[in-house]
Each structure stands twice: as structure tokens, then as C-alpha cells.
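Analysis of the macromolecular model
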Amino acid sequence: MTITTHTVSTSTAQTRPPVNFQALAIFIAAAIIFAVFGILNPNFLAFDNLRDIAVSACVNALIGIGLTYVIITGGIDLSVGSIASLTGIISATLMVNGGVPAIPALLIGLVLGFLAGATNGVLITALKLPPFIATLGTMSVYQGLAYVATNGTPVYNVPASFVLLLNSYIGGVPIVVLVVAIVAVLAWLLLRRTVFGQNVIATGGSEETAWLSGVRVNRVKILVYGISGTLAALAGLVVVARISAAQSEAGAPYLLTAIAAAVIGGANLMGGEGRIAGTLVGALILGALTNGLVLLNVPSFYEQIVTGLVVVIAVALDQGSKGWPVLRRGGHRPAATPETTSVTTVSAKEAARAAKRK
């Protein structure tokens, strides 16, 4: 085997800027949206209305946080809405017809959500199915199971103890908002302060490189889809508590809006990048748009048009920012001063030739 030494030029002035302008732009956009609606309708910025916006954003935020993990790995999960519906139906049925207490029913729903999500991960890793195809199939399966569980009949009379568990207030603050805040902090710590989180980012950057570095890529993917399923289940249970009933299609409307929240928040659909705080802001932006349009008496079907336009603009800016120095990922980097360094590399072709000669 022959080892060759190559001389390459590297930049020594790669300094991280104090401000990530791309991330900051999301917060600025949110502030502008809130300000515009506040000017158009003063009631928009009333405390009670802002609280309503926060509550309405919670379901998208929960599902979006799980999807952020999935998108960082370069995947997608189309089954989250169906998982939310299925877990909501199962937990509600256990409480109403089986007499299961609120907390055990909640835990059963979360475990079911994890298993459903992990199943997606197994299909993707073991069978090598593309994430889009695998989760498109399980989306139909889980939705069908939600119908089968109750023959498509809604489950009413959910116990008040369960409703109070996820749909009450502590000191004037909705419990569900506190739940989302806790989940967001834990998700951020897991992603940014643990080895697992670094492995998630590495997997999204390059699966092959991550694998060569010792990362158990398949295990990471299964756990990531399990996290997505768990948070989708929690979101489904929040919906049940909010309306005091469970419906077979309750989670379906949140699929696209949760993906939109993650994308607006800066999740790169090509993988390798995503921000928990950005996803929260993305969910708030969608909640503000819906609420603001209602206050302005805009017909509800325009909401889908506005949401679609916001997603398109967010993705366009995300892609365009790669060519804009100020908004480039990681922020503006000053011009580098090239410095020549010596790097020792092994040529695979030369090694093969050497082996043949021997």
C-alpha cells in the first residue's frame, strides 16, 4: 500500500459569527406578522387572544418538534396525523369503555405512539424503504386502524380528569403551553447537548460518513421515528382533551401544518439541519395567521392558500440563503486568508494497485 502526501489549501479564518442571521430572520418575520395583525385589529394583541394563539399552536408545535428530528436525518414522516388519531381513539376508548384512569391511558397512548413511530423506522432501515413511501403506507394503515377501533364512531364523554390533565390552567397559563415548553427544552437538550443528538445531525449530514465514524445509523433512525410517533401521540391526546372527545380523523389536518412549522422554522428538507426554537416560532406564525384571518373575517378556506404561500416563501428563502452571504447557513463568514497545510491521505486506487503488484 502506498501512502501519498498532498498539499491542500484550507481556510484558517473560519470564525463563527455571534449572530445567526437566518435564524434571526424567522423571529423578525414572526414579530412583523404579529405587528401587522395588531395594527389591523387591536384585539389581536389582547392577552386572551395571544393565549388562544399559543394554545392553538401547541398541537403543531408538538408534532413539528418530532418532525424536526426526522427531517434532520433526511427523512419525512407522513403518518404523524394518523398516529395522533389512532392514539387518541385508543386512549379515549380505554377510558370511556374500559374504565382506565387518565394517567395510565395517557401513558398507553404515548407508548403506542412510540411503537407506531419505531415501526416506521424499522421499515425504513430493515426493508430499505424510502421514508416517503414507508410512512405513506403506514399513514393509511394507522388511519384505517383508527376507524376499525370504533367502527368510525366518535368517542364521547371523555372523563373530566383527563380533560383537566391537558386542558386546564395553572396560574392563568394553559397546561398544554407548559407541556410544550418542557418538551421543547428537553428536545433541544437532547439534540444539542447529547451524543445521540450529534449522531442525529451526523446521520442527516452524511449517513455513510456517520456510519464510518461508528454511529449506529439504523438505531438512530428507529429512535428518531419513535420520538416523532411519541410526540404525535401526545398531540393527539391534547386534541382529545381539548374537545372532550376522540374522532377517527382528528389528527389528519395537522400533518401538513406541522411539516410547515418545521420548514418555516429552518429545518432543511435535505437533512442535517433543524432548530427546535425555529419550529416553535413556525407553529406560532401559523397560529397567528389563522387567528388573524379569523379576526379580519377572511373566509376560512383562504387559510390554506396563505399557509401554502408561507411554506413556499420559507423554502425559497431557505434555498436562496445559500447564495446570500448575510443569510448563508451559519451566518456571514469573513474572507479567509489561505494557509497551506500538509494533509496525509491514502489513495484507494494506489492501494489496490500495490496489492495487485504484491
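Let us look at the structure shown here. Just so we're clear, the structure is a prediction, and the values are computed from it rather than from any experiment.

Reading the values: rules and limits
Residues numbered from 1 in each chain as written. Predicted model: local features only at pLDDT ≥ 70, side-chain atom pairs only at ≥ 80, totals over all residues. Heavy atoms only, no water. Helix = DSSP H or I, 4+ residues; strand = E, 2+ residues; numbered from the N terminus. Contact = heavy atoms within 4.5 Å. Areas by Shrake-Rupley, 256 points an atom, 1.4 Å probe, with all protein chains shown as cover. 1 Å grid on protein atoms, 1.4 Å probe; cavity = no way out; pocket = protein on both sides within 12 Å on 5 of 7 lines; lining within 4 Å. Points joined across faces, edges and corners; volume = space filled by probe spheres on them. Nonpolar A, V, L, I, M, F, W, Y, C, P; charged D, E, K, R; others polar. Expected span 1.5 Å × (residues − 1). Phe/Tyr/Trp six-rings, centres within 6.5 Å; stacked < 30°, edge-to-face > 60°. Buried < 20%, exposed > 50% of the residue type's maximum accessible area, 1.4 Å probe, protein only. Core = buried A, V, L, I, M, F, W, Y, C linked by side-chain atoms within 4.5 Å. Patch = residues over 30% accessible without salt bridge, like charges linked within 9 Å, V, L, I, M, F, W, Y side chains within 5 Å. Salt bridge = Lys/Arg side-chain N within 4 Å of Asp/Glu carboxyl O.

**Some thoughts on the overall build of the chain**
Helices and strands together make up the secondary structure of the chain, namely 14 helices and four strands. At a minimum sequence separation of 6, the contacts of the chain that also span at least 24 residues come to 79%. Here the chain displays about 17,700 Å² of accessible surface, and carbon together with sulfur accounts for 68% of that area.

**A closer look at empty space enclosed by the protein**
Per the counting criterion, the structure on display carries one cavity of 30 Å³ or more. In this structure, the largest cavity spans a volume of roughly 30 Å³. Taken together, Ala 84, Ser 85, Gly 88, Ile 89, Gly 236, Val 239, Gln 247, Ala 250 and Gly 251 make up the lining of the largest cavity. Where the lining of the largest cavity is concerned, the elements lending two or more residues are helix H3 (80-98) and helix H10 (217-243). Sorting elements by how many residues they give to the lining of the largest cavity places H3 first, with four residues. Here the residues of the lining of the largest cavity sort into four nonpolar, five polar and no charged.

**A word on H3**
With 19 residues, H3 ought to run about 27 Å at 1.5 Å a step, and its terminal C-alpha atoms sit 26 Å apart, in line with that. Just downstream of H3 lies Gly 99, where phi reads positive at about 70°.

**Concerning helix H5 (residues 131-150)**
For H5, built from 20 residues, the straight-helix expectation of 28 Å at 1.5 Å per residue is met to within 8% by its first-to-last C-alpha distance of 29 Å. Its buried side turned inward, H5 meets H3, helix H4 (102-126) and H10.

**As for the packing of aromatic side chains**
Following the criterion strictly, the structure yields three aromatic pairs and no others. Between Phe 301 and Tyr 302, the aromatic rings sit 5.0 Å apart at their centres with planes inclined by 35°, giving tilted as the arrangement. Overall, the relative accessible area of 55% leaves Phe 301 in the exposed class.

**Observations regarding the nonpolar core**
The biggest cluster of nonpolar side chains holds 86 residues, and the ones touching the most others in it are Ile 63, Tyr 69, Phe 162 and Val 200. Sorting elements by how many residues they give to this core places helix H2 (residues 47-72) first, with 14 residues. Sequence-distant contacts of Ile 63, that is, excluding residues within four places in its chain, are made with Val 80, Ala 232, Ala 235, Tyr 254 and Ala 258.

**A look at the environment of Gly 88**
Mapped onto the secondary structure, Gly 88 falls in helix H3. Expressed as a C-alpha distance, the spacing of Gly 88 and Ala 105, which sit 17 residues apart in the sequence, is 9.7 Å. Setting aside residues no more than four positions away along its own chain, Gly 88 makes contact with Gly 236, Leu 237, Val 240 and Ala 246.

**Considerations on unusual backbone geometry**
Of note, the phi angle at Asn 151 is positive, near 55°, even though the residue is not glycine. Considering the arrangement of structural elements, one finds Asn 151 in the loop between H5 and helix H6 (160-166). If you check the backbone angles, Ser 244 has positive phi at about 55° while not being a glycine. With respect to the helices, strands and loops of the structure, Ser 244 is situated in the loop between H10 and helix H11 (254-264). Note on Ser 244: relative accessible area 31%, which makes it partly exposed.

**Considerations on a nonpolar patch on the surface**
A cluster of nonpolar side chains, namely Leu 24, Phe 27, Ile 28, Ile 32, Val 36 and Leu 40, defines an oily patch on the protein surface of about 540 Å² accessible area. As for its position among the elements, Phe 27 is in helix H1 (residues 21-40).

**Brief notes about the pattern of salt bridges**
A complete count under the given rule lists three salt bridges for this structure. Among the ionic pairs, Asp 48 bridges to Arg 51, the shortest N-O distance being 3.2 Å. With Asp 48 and Arg 51 both in helix H2 and three residues apart, the pair spans about one turn of that helix. You can call Asp 48 partly exposed: its relative accessible area is 46%.

**Considering the environment of Ala 288**
Relative to the assigned elements, Ala 288 resides in helix H12 (residues 276-295). According to the relative accessible area criterion, Ala 288 is buried, its value standing at 0%. Separated by 235 residues in sequence, Ala 288 and Ile 53 place their C-alpha atoms 6.0 Å apart. Non-local contacts of Ala 288, meaning those with residues more than four positions away in its chain, are made with Ile 33, Phe 34, Phe 37, Phe 44 and Ile 53.

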